[in-house]
There are 2 protein chains.
Amino acid sequence: MKESAQDRLRRYNIKPSVQRMAVLDYLMTHYTHPTADTIFNALYPAIPTLSKATVYNTLNLLTEQGVIQMITIDEKNARFDARETPHLHFRCSACGEIFDFDLPPLQMEALKDYDITDIQVYCKGVCPTCQKKENNINN
Amino acid sequence: MKESAQDRLRRYNIKPSVQRMAVLDYLMTHYTHPTADTIFNALYPAIPTLSKATVYNTLNLLTEQGVIQMITIDEKNARFDARETPHLHFRCSACGEIFDFDLPPLQMEALKDYDITDIQVYCKGVCPTCQKKENNINN
DNA sequence: TACAAAATTGTAATCATTACAAATAAAGAA
DNA sequence: TTCTTTATTTGTAATGATTACAATTTTGTA
């Protein structure tokens, strides 16, 4: 049985306000790496008093506390991800979609004295679907 | 003997204008992950007619052509890196410095059908020097 | 109910980056 | 060379995501 957004906030000692639960719940049910704007637009109908500032405040708080990750693979907007296990992001330069992949643990002797709080691996290139499309265009 | 900025531009079939050589040469002699602004300020005295727009144009061109890498580990500004071998970036949350580490090749069966053009690995945390400082403050 | 602290809101400001049109430089042809 | 075309650079205005901040609302507690 999956942990709820409320429980996850409690686990990090963050007061589960309506707005915080809504933002985190959206991320925990949409593993689409949304932007702050996307999250705001999705929640606004259900919470018409919601402010975009609150969405930004909440995302920053959750990121600082390590509840979620801020992804900077897209230079235009920050994206957010509620997955808790280290994983790899692949961003297709053709369609823009961001794919998740499990990541083998990277143990590096050279980093042993560094206190690592966050690991992010970004790959960029073309996904198989877009490769096929490109081939069709060129034939 | 090291390759010059001019030769590297030629290798990528990019016309080696004075401005492009200056930007790339700066990156090839300063592995400090500078921002566009830092590069502009460093080059401006020697090239007083240089425009910041040219620095941005050049950095974008070099990034698109794969001559350099754009690093987004710092959410505020893009940073740039002329290293050609895949490597890992560690950003200290205390002092802000970005350290380079060699990266073991990451071969992942799950990605075999993806056409990967760029791999970036970001680690965040506290470097040994800042860890010591933090301990001293707490004692 | 009253008070203090925390959270949310709306809006203005910030600031890195981009857009764009004008100016300049480079390349090619005759 | 001189003319013509193309590529590059420049200065400045615009963009747009994010932040700052003061006012308002909500929450917790006595």
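If you're wondering where the values come from, they're calculated on a predicted model, not measured in any experiment.

### Remarks on the relation of the copies chain A and chain B
Take chain A, turn it by 180°, move it 0.0 Å along the axis, and it overlays chain B with an RMSD of 0.0 Å. Such a combination of rotation and displacement between the chain copies is what one expects of a two-fold axis. Considering only C-alpha atoms, the residue of chain A closest to the rotation axis is Val121 of chain A, which sits at 2.2 Å. Interface residue correspondence from chain A to chain B reaches 100%, placing this contact among same-surface, isologous pairings.

### Brief notes about the sheet that holds strand E3 (residues 87–92) of chain A
Sheet strands associate in pairs through backbone hydrogen bonding, adopting either a parallel or an antiparallel arrangement. In space, the 6 strands of this open sheet follow the order E4(A)-E3(A)-E5(A)-E5(B)-E3(B)-E4(B), with mixed pairing throughout. In this open sheet, the two strands that pair with only one neighbour each are strand E4 (98–102) of chain A together with strand E4 (98–102) of chain B. Across the sheet, the axes of successive neighbouring strands diverge by a mean angle of 25°, strand direction being ignored.

### Quick look at the state of the cysteines
Taken as a whole and judged by the stated rule, the model has 0 disulfides over all chains. With no disulfide of its own, Cys130 of chain A has Cys92 of chain A as its nearest cysteine by sulfur position, at a separation of 3.7 Å.

### Observations regarding the pattern of salt bridges
Residues and elements named next belong to chain A. Considering all chains together, one arrives at 18 salt bridges over all chains under this definition. In this structure, the salt-bridge partner of Glu3 is Arg11, at a minimum N-O distance of 2.8 Å. Note that Arg11 is salt-bridged to Glu84, the shortest N-O span being 3.2 Å. With a gap of 73 residues between them, Arg11 in helix H1 (residues 5–11) and Glu84 in the loop between strand E2 (79–81) and E3 connect regions that are remote in the sequence.

### Quick look at the nonpolar core
Within the largest apolar cluster, 28 residues are counted, with the highest numbers of intra-cluster contacts made by Leu88, Phe90 and Phe101 of chain A together with Leu88, Phe90, Phe101 and Leu111 of chain B. When contributions to this core are tallied by element, the ones reaching two or more residues are E3, E4 and strand E5 (115–126) of chain A together with strand E3 (87–92), E4 and strand E5 (115–126) of chain B.

### Observations concerning the protein's contact with DNA strand C
Every one of the 17 residues lining DNA strand C counts as a neighbour, but Ser17, Thr49 and Thr54 of chain A together with Tyr56 and Asn77 of chain B are closest to it. Counting only atoms of DNA strand C within 4 Å of the protein, the fraction found in sugar and phosphate groups is 86%. The separation between a phosphate oxygen of DNA strand C and a polar main-chain atom of Ser51 of chain A is 3.3 Å. In the model, a phosphate oxygen of DNA strand C is placed 2.9 Å from a nitrogen or oxygen of the Ala78 of chain B main chain. Elements with a minimum of two residues in the surface near DNA strand C: helix H2 (18–29) and helix H4 (52–64) of chain A together with helix H4 (52–64) of chain B. Sorting elements by how many residues they give to the surface near DNA strand C places H4 of chain A first, with 3 residues. Of the residues assigned to the surface near DNA strand C, the class counts are 4 nonpolar, 8 polar and 5 charged.

### Quick notes on the packing of aromatic side chains
According to the stated counting rule, one finds 11 aromatic pairs over all chains in the structure shown. Residues Phe90 of chain A and Tyr114 of chain B carry aromatic rings whose centres are separated by 4.7 Å and whose planes lie at 70° to one another, so their mutual orientation is edge-to-face. In this pair, Phe90 of chain A sits in strand E3 while Tyr114 of chain B sits in the loop between E4 and E5, so the two residues belong to two different chains. Phe90 of chain A gets classed as buried once you look at its relative accessible area, which sits at 0%. Summarising the aromatic geometry, the rings of Tyr114 of chain A and Phe99 of chain B are spaced 5.6 Å apart at their centres and angled 75° between planes, so their arrangement reads as edge-to-face. In this pair, Tyr114 of chain A sits in the loop between E4 and E5 while Phe99 of chain B sits in strand E4, so the two residues belong to two different chains. Classification of Tyr114 of chain A as buried rests on a relative accessible area of 17%. A residue is classified by how much of its surface remains accessible, and Phe99 of chain B, at 18% relative accessible area, is buried. The rings of Phe90, Phe99 and Phe101 of chain A together with Tyr114 of chain B are connected pair by pair, giving a single aromatic cluster.

### What to know about the pairing of E5 of chain A
Of the pairings in the sheet, the one linking E3 of chain A to E5 of chain A comprises 5 bridges and is parallel in character. Each residue of the ladder has a partner; that of Leu88 of chain A, found in E5 of chain A, is Val121 of chain A. Inspection of the sheet shows E5 of chain A paired to E5 of chain B by 11 bridges, in the antiparallel sense. The residue bridging Ile119 of chain A from the neighbouring strand is Cys123 of chain B, located in E5 of chain B.

### Details of the protein's contact with DNA strand D
In the vicinity of DNA strand D lie 16 residues, with Tyr56 and Asn77 of chain A together with Ser17, Thr49 and Thr54 of chain B positioned nearest. Within the side chain of Tyr56 of chain A, one N or O atom sits 2.7 Å away from a phosphate oxygen of DNA strand D. The side chain of Lys76 of chain B places a nitrogen or oxygen atom 3.3 Å from a phosphate oxygen of DNA strand D. The element contributing the most residues to the surface near DNA strand D is H4 of chain B, with 3 residues.

What counts, and where the lines are drawn
Residues numbered from 1 in each chain as written. Chains lettered and ligands numbered in written order. Predicted model: local features only at pLDDT ≥ 70, side-chain atom pairs only at ≥ 80, totals over all residues. Heavy atoms only, no water. Least-squares fit on C-alpha atoms with pLDDT ≥ 70 in both. Contact = heavy atoms within 4.5 Å. Pairing = 2+ DSSP bridges. Helix = DSSP H or I, 4+ residues; strand = E, 2+ residues; numbered from the N terminus. Axes fitted to C-alpha atoms, helices over the stretch in contact; angles between N-to-C directions. Disulfide = S-S within 2.5 Å. Salt bridge = Lys/Arg side-chain N within 4 Å of Asp/Glu carboxyl O. Core = buried A, V, L, I, M, F, W, Y, C linked by side-chain atoms within 4.5 Å. Buried < 20%, exposed > 50% of the residue type's maximum accessible area, 1.4 Å probe, protein only. Near = heavy atom within 4 Å. Polar contact = N/O pair within 3.5 Å; in protein donor to acceptor, adjacent residues only side chain to side chain. Nonpolar A, V, L, I, M, F, W, Y, C, P; charged D, E, K, R; others polar. Phe/Tyr/Trp six-rings, centres within 6.5 Å; stacked < 30°, edge-to-face > 60°.

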